[in-house]
Amino acid sequence: MEATAIQTRDLTKHFGPVAALEALDLDVYAGEIFGFLGPNGSGKSTTIRLLLSLIHPTRGEASIFGVPVGDVERAHRLVGYVPGDVALWPHLTGTETLDLLGNVAGGVDAAFRAELLERFDLDPSPRMRSLSKGNRQKIALVAAFMCRPEVLLLDEPTAGFDPLMEAEFQALAREAAARGQTIFLSSHILDEVQDLCDRVAILRAGRLVEVAALEELRRIGATIVEIVVDGPVPDLAGLPGVGAVEPIPDVPGGVRVSVSGSPAPLLARLAGVDVVRFRTQEPSLEEIFLTYY
C-alpha cells in the first residue's frame, strides 16, 4: 500500500463571503509528482498556504505524512517550499540566504548544493535585491531541493525560466521523485505538467472537479480525428459522439472531427467512402483542461 504524503479532508477556506477553497478531499502519494491545476483565483495558492499553515482553515484538516499541518514544528521538517514570487531578504547575498535557510533546515549537503548551483547556472554571490526574477526563483529552488525534504510544495516554480532551465528543473524533479520524494506542483505551464506529472487535480472556483492520471484524462477528453476522402465528404454532424466538424484548410475532402467515446458511429458512416487518410490525435492536457472551463 502506498504511503500518503499529503492528505486533506473537507479542507475549506472562506475569506468573508468568498469561498477560496471548498471541501477539498485529496490524497497525494509518496514518490509521485502531482500536478495541481486551475486558473488564477481557483484556490491553488490558498491550498498550499493551508498546507504550510500560513493561514488557518475555516473547517477541515490536512496532514503531511500523518503530521497535522497545524503542528508546524514537525510538519515543516518534512517540507520544502517555493512560492511563485520569491521575496527574500534583499540585503543578503544568495550565498548568505542559502546558508541561513540551510541552517534553519538543520544542515545541508554542501556538495549537493554546489551541484544544484552549477546545474542552474547560478552565481549566488550578488545580493538578492540585484537578482532577476528568474534568478530569485533559482535561489528558492536550490534552497528547497538542497535539503532533500520528503515533500516539495512548488507554486509556479519556473516563472521567469528559459527553456534550458525549465528542462533542468524537470530533470531535478524526476530525480527527486526517483529518490522517493513527493512533488506537489502548481503550474500554469501545462506542457510542464503534462511532461512531469503522474496524476493531476483540476480546481475550478475553489472546488475540485477532477483527479486522475493523465491517461485517464485523455480517455475522458475528446479525440481529434483528421479524415481526408476522395470525393464529397459525407455528413458527419449529429453522429453519436461526434462534436465539432471543421474543414481542414487547403485540403480538398479534408475534415477535422472531435470524437468522444466510441468511434464506431463515425467508422460506420465512412464505410463505403474512399478514405485517403484517417489519423487520430490524443487530446493534449491543455485541451482537456479547457473542457472543464
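Everything discussed here concerns the structure shown above.
Keep in mind that what you see is a predicted model, and the values were worked out from it rather than measured.

Visitor: So what exactly am I meant to see when it comes to the sheet that holds strand β10 (residues 207-213) here?
Guide: Hydrogen bonds between backbone groups are what pair the strands of a sheet, and the pairing can be parallel or antiparallel. Overall, mixed pairing links the six strands, which are arranged β6-β7-β8-β3-β9-β10 in an open sheet. In the strand order of this sheet, the two ends are held by β6 (79-82) and β10, each with one partner. The sheet shows a mean angle of 15° between the axes of neighbouring strands, direction not considered. Against the sheet, helix α5 (residues 133-146) makes contact with β6 and β7 (151-155), and its axis sits at roughly 175° relative to β6, the strand it touches most.

Visitor: Got a minute to help me understand the pairing of strand β2 (residues 18-29) in this structure?
Guide: In summary, the side chains of a regular strand alternate between the two faces of the sheet. Bridge analysis of strand β1 (residues 4-15) against β2 gives eight bridges, and the strand direction is antiparallel. The residue bridging histidine 14 from the neighbouring strand is alanine 19, located in β2. Here β1 folds back onto β2 in antiparallel fashion, the turn holding two residues, of which glycine 16 has a positive phi close to 65°.

Visitor: Help me understand a nonpolar patch on the surface in this model?
Guide: A grouping of Trp89, Leu100 and Val104 is seen on the molecular surface, where their side chains present a nonpolar patch of about 290 Å² in accessible area. Residue leucine 100 is classed as partly exposed on the basis of its relative accessible area of 34%.

Visitor: I tried to follow the pattern of salt bridges on my own but got confused; where do I start?
Guide: A pair can form between side chains of opposite charge whenever their charged atoms are brought close. Taken as a whole and assessed by the stated rule, the structure comprises 15 salt bridges. One salt bridge connects glutamate 73 with arginine 77, and the closest N-O pair in it is separated by 3.1 Å. Accessibility classification places glutamate 73 together with arginine 77 in one group, the exposed group. It is possible to trace a salt-bridge network through shared partners that takes in Glu115, Arg119, Glu168 and Glu175.

Visitor: Which parts of the structure should I look at to understand the sheet that holds strand β4 (residues 59-64)?
Guide: Pairing is antiparallel in the open sheet, where four strands are placed in the order β2-β1-β4-β5. The outermost strands of the open sheet, each flanked by one partner alone, are β2 and β5 (67-68). Against the sheet, helix α1 (residues 44-51) contacts β1, β2 and β4, and its axis sits at roughly 115° relative to β1.

Visitor: Hey, could you run me through helix α6 (residues 163-178) in this one?
Guide: An α-helical segment advances 3.6 residues per turn. Residues three or four places apart therefore align on the same side. The end-to-end C-alpha distance of α6, which contains 16 residues, comes to 23 Å, matching closely the 22 Å that a straight helix rising 1.5 Å per residue would cover. Listed as buried for α6 are Met165, Glu166, Phe169, Gln170, Leu172, Ala173, Ala176 and Ala177. Down the axis of α6, the buried set is contained in an arc of 165°. They therefore lie on one face. Counted as exposed and oriented over 90 degrees from the buried face of α6: Pro163, Leu164 and Ala178. Where the residues of α6 are buried, they touch β3 (33-37), α4 (110-119), α5, β7, β8 (182-186) and α7 (190-196). Among the residues of α6, the N-terminal cap falls to aspartate 162, whose side-chain oxygen and the backbone nitrogen of leucine 164 are separated by 3.1 Å. Looking one or two residues past α6, glycine 180 carries a phi angle of roughly 100°, positive in sign.

Thresholds applied
- Residues numbered from 1 in each chain as written.
- Predicted model: local features only at pLDDT ≥ 70, side-chain atom pairs only at ≥ 80, totals over all residues.
- Heavy atoms only, no water.
- Pairing = 2+ DSSP bridges.
- Helix = DSSP H or I, 4+ residues; strand = E, 2+ residues; numbered from the N terminus.
- Axes fitted to C-alpha atoms, helices over the stretch in contact; angles between N-to-C directions.
- Contact = heavy atoms within 4.5 Å.
- Patch = residues over 30% accessible without salt bridge, like charges linked within 9 Å, V, L, I, M, F, W, Y side chains within 5 Å.
- Areas by Shrake-Rupley, 256 points an atom, 1.4 Å probe, with all protein chains shown as cover.
- Salt bridge = Lys/Arg side-chain N within 4 Å of Asp/Glu carboxyl O.
- Buried < 20%, exposed > 50% of the residue type's maximum accessible area, 1.4 Å probe, protein only.
- Expected span 1.5 Å × (residues − 1).
- Arc of directions from axis to C-beta.
- Polar contact = N/O pair within 3.5 Å; in protein donor to acceptor, adjacent residues only side chain to side chain.

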